[in-house]
Every structure is written in C-alpha cells, then in structure tokens.
Amino acid sequence: FSFEPTMEARRNVDGEVEVLRSRVEQQQRDLQAAREAAQDTTLQSVVKAQHVAALEGQKRLRTRRTLRGHMAKVTGLQWSQDSSQILSAGLDGKLMLWSAGSGLKLEAISSPTSWIMCCALSPSGGVVASGGLDNICCLYALNSRERPIRVSRELAGHSALVAGCRFLTDGQLVTGSGDHTCALWDTETGARLAAFEGHAEDVLAVATTAHSTTSFASAGVDRTARVWDTRTEQSQLTLEGNATDVNALAYFPDGNAIVTGSDDGACRLFDLRNRGELQLYRDNRLQTAVAAVGFSRSGRLFFVGCEDCNVYAWDTLHNSIVQTLAHHEDRVSCLGVSPDGGAVCSGGWDNQLLVWTNV
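Scope of this entry: the structure provided in the associated data block. (Residues numbered from 1 in each chain as written. Predicted model: local features only at pLDDT ≥ 70, side-chain atom pairs only at ≥ 80, totals over all residues. Heavy atoms only, no water.)

1. Considering the overall build of the chain
Okay, so step 1: From N to C terminus, the chain includes two helices and 28 strands.
Okay, so step 2: Radius of gyration (C-alpha) of the chain: 22 Å, near the 21 Å computed for a compact globule of 359 residues.
Okay, so step 3: In terms of principal-axis extent, the alpha carbons of the chain reach across some 80 × 60 × 30 Å.
Okay, so step 4: Taken across its 359 residues, the chain has 49% of its residues classed as buried.
Okay, so step 5: A fraction of 45% describes how many contacts in the chain between residues 6 or more apart in sequence connect residues 24 or more apart.
Okay, so step 6: Working note: accessible area of the chain is about 17,300 Å², and carbon and sulfur atoms make up 47% of it.
Okay, so step 7: For the chain, the distance from the average position of its 33 positive side-chain charges to the average position of its 41 negative side-chain charges is 7 Å. (Helix = DSSP H or I, 4+ residues; strand = E, 2+ residues; numbered from the N terminus. Rg over C-alpha atoms; globule rule 2.2 N^0.38 Å. Buried < 20%, exposed > 50% of the residue type's maximum accessible area, 1.4 Å probe, protein only. Contact = heavy atoms within 4.5 Å. Areas by Shrake-Rupley, 256 points an atom, 1.4 Å probe, with all protein chains shown as cover. Lys, Arg positive; Asp, Glu negative; His and termini not counted. Charge placed at Lys NZ, Arg CZ, Asp CG, Glu CD.)

This is how it looks when you write it as structure tokens:
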C-alpha cells in the first residue's frame, strides 16, 4: 500500500513551506536590524572620547633568543601554560620542545609524516599533538619512558589534511581540516566525539580560549570564522566580512572577541557579544598575506605574522602599527604570545624561531 499525495496536498505543503521561509527571512532581517541598532558607536569614537593615549615611548621588543634546530620550514608553535616551554613543528617531520629561558632543546620527536602543518601542547604539558598532510592527528606522551618518543595514539577520521589543532582540556582536542570540518576528540580513547560541519571550504586554523572548555573557533578558505559549542555540535556564530581566505585567528584575552587575519593583509576584530565587527586593521603599505595573529596579555597590542618576513605589533585601540619585528629571513608562518605576557615567539620558513622580549 502506498500513499500518493494529491496535487492539492502538494500545493498546500509548498505554500506552508513558503510561509515558513518568509518568516525565517523576516526574523533574520529583524535580528540584523537589532544588531545594527546596538552598534551605536565605533571603537575609534570610544578611544577618542575616553582620551586613551597612544603607545608612544614604550619599551621596544627585541630578539632575546634564536631557536635553531629545524632543518625545514617551521609551520606551528605553542607556548606551555606556565610560559617556560615552547613547542614547535616543522616540515622536517620534527616536533621540538624548547626551554624558553635558556633556548635549549628539551625534546625532539619524529613524526610519521614529514608534512606537519600544526602542533599543540596539552594544558598540563604532558601530551603533544601534531597534524599534517596524512589526514591524521598524532598524540605523543612526553612522560613516556620510551626513547625516542613515539606516537601513543592516532586520531583518524578526517578525509583531508589536518591544518589546525588545539587542546580544550587534557582529555579533549579539537582539529580543523581541509575536508571542511572540525572534530572533537577524546585523547584517552582516540574516539571522535563530535564533527562540526558548516564551513564551505577548507578549515585553515582553530583557536581556543582559557575562559571556556566547551567552545572554540575556526577559520578558513570560505572567508569566515565560526564559533562552536562542543555540547551542541552547532555553529553558534558566523563572523563574516573578510574579503579573502582567513588564515589565522585568535581570541582576545577575556574571550569576548576574536581577531582574524586574511590573505589580503587585513585583520578584523569581532565582538562576540554583539556579533559585530569592531575594527578593521589595514595598512595599505603592506601588500602581504597574514599567516598568524596573537594578542598581548592585556589585549592592548596584537601581533601579526606576515609573508613579507615581518611581525607587526598593532595598537588595538589606535589602529596603528607601533613596531615592526624584522629579523626573519623568510616568511613568518606562526607566532604565539606567552601566557604570562613576557615574550612573543615567531616561527618562519627560515627554519628558526625567534623569541622577542622588551628586556
């Protein structure tokens, strides 16, 4: 027995769908209007009204350490939570753990693939993760008695390269992939706990904030950044406005804003509370793609690593470049600010990492 709907029933259903579609579109327009109404001022206007002084006469950053050991391009790095160590990854297939104070290499780990694109260090500092062109994220236990350290677990499930990875907790890791998805993993069992679909093209970067263990952000070739809730597997917010691929993103220190960096050299600051763009950072003299971004501890400065071999320190409030860090010999591919705010580390295609401080 089969039921074939009549033409009249079909027309009724189509009519109801059209009515619902119109309602959704109207609600979207109303929501956008409410957002625009809430954006009754600009960041520049507030800075001017509050008479916030520009960053002039401040101590300038200089190269404190040069970390040499990689035999190919450095592709990723992350500071430990206590700011004492730096993890780096390179296209030589190596993961290296460094002492930030002495510059000495503490560990050198060989990856199953030479094409490592990203790395991450767990909050406790006991586990290292790396992702690459083999579509797998590998985990390594630093406290293993086995030497050399080998892969302790493989997180397999992506169908394209793993371009970004970050720990939410010691037990959970998020990854972003060229298969247009992000994933949440259990680092103990290796199980994929959730898949996050929404990006229309490759995901190029993921970011986490110390203020949440259930949310993260991602960015990619579809020119958007998205904020996700791991409990719902849904995109909570889509940040639009970038004109080209979004290569990098970072949370503001309080977790309420995100800065993105794009292929066209522009950076944008988005407020997550009113879902709007606060500021566009662009210097027309700089015709170079942004590869990495990161905030100072206070958020007053943010650092931008570019393909022109330089790192630029921007005044977040005054929308101006206050210093150019120019000691890399090839394009800058990654950077990170130490959690204690005392140093910046940048990595590049010149096979080295530079640690910058103002002392």
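Picking up where we left off.
2. A closer look at the nonpolar core
Okay, so step 1: Val259, Cys267, Leu269, Tyr281, Val293, Phe302 and Val304 are the most contacted members of the largest nonpolar core, which has 19 residues in total.
Okay, so step 2: Contributing elements (two or more residues each) for this core: helix H2 (43-49), strand E18 (246-251), strand E19 (257-262), strand E20 (267-271), strand E22 (290-295), strand E23 (301-306) and strand E24 (311-315).
Okay, so step 3: Apart from residues no more than four positions distant in its own chain, cysteine 267 is found in contact with Val259, Thr260, Gly261, Gln279, Leu280, Tyr281, Val290, Val293, Phe302 and Val304. (Core = buried A, V, L, I, M, F, W, Y, C linked by side-chain atoms within 4.5 Å.)

3. So, the packing of aromatic side chains
Okay, so step 1: In the structure shown here, the tally under the stated rule is eight aromatic pairs.
Okay, so step 2: Centre to centre, the rings of phenylalanine 252 and phenylalanine 295 are 5.0 Å apart; their planes meet at 75°, and the pair counts as edge-to-face. Taken together, the residues phenylalanine 252 in the loop between E18 and E19 and phenylalanine 295 in strand E22 connect sequence positions 43 residues apart.
Okay, so step 3: You can call phenylalanine 295 buried: its relative accessible area is 8%. (Phe/Tyr/Trp six-rings, centres within 6.5 Å; stacked < 30°, edge-to-face > 60°.)

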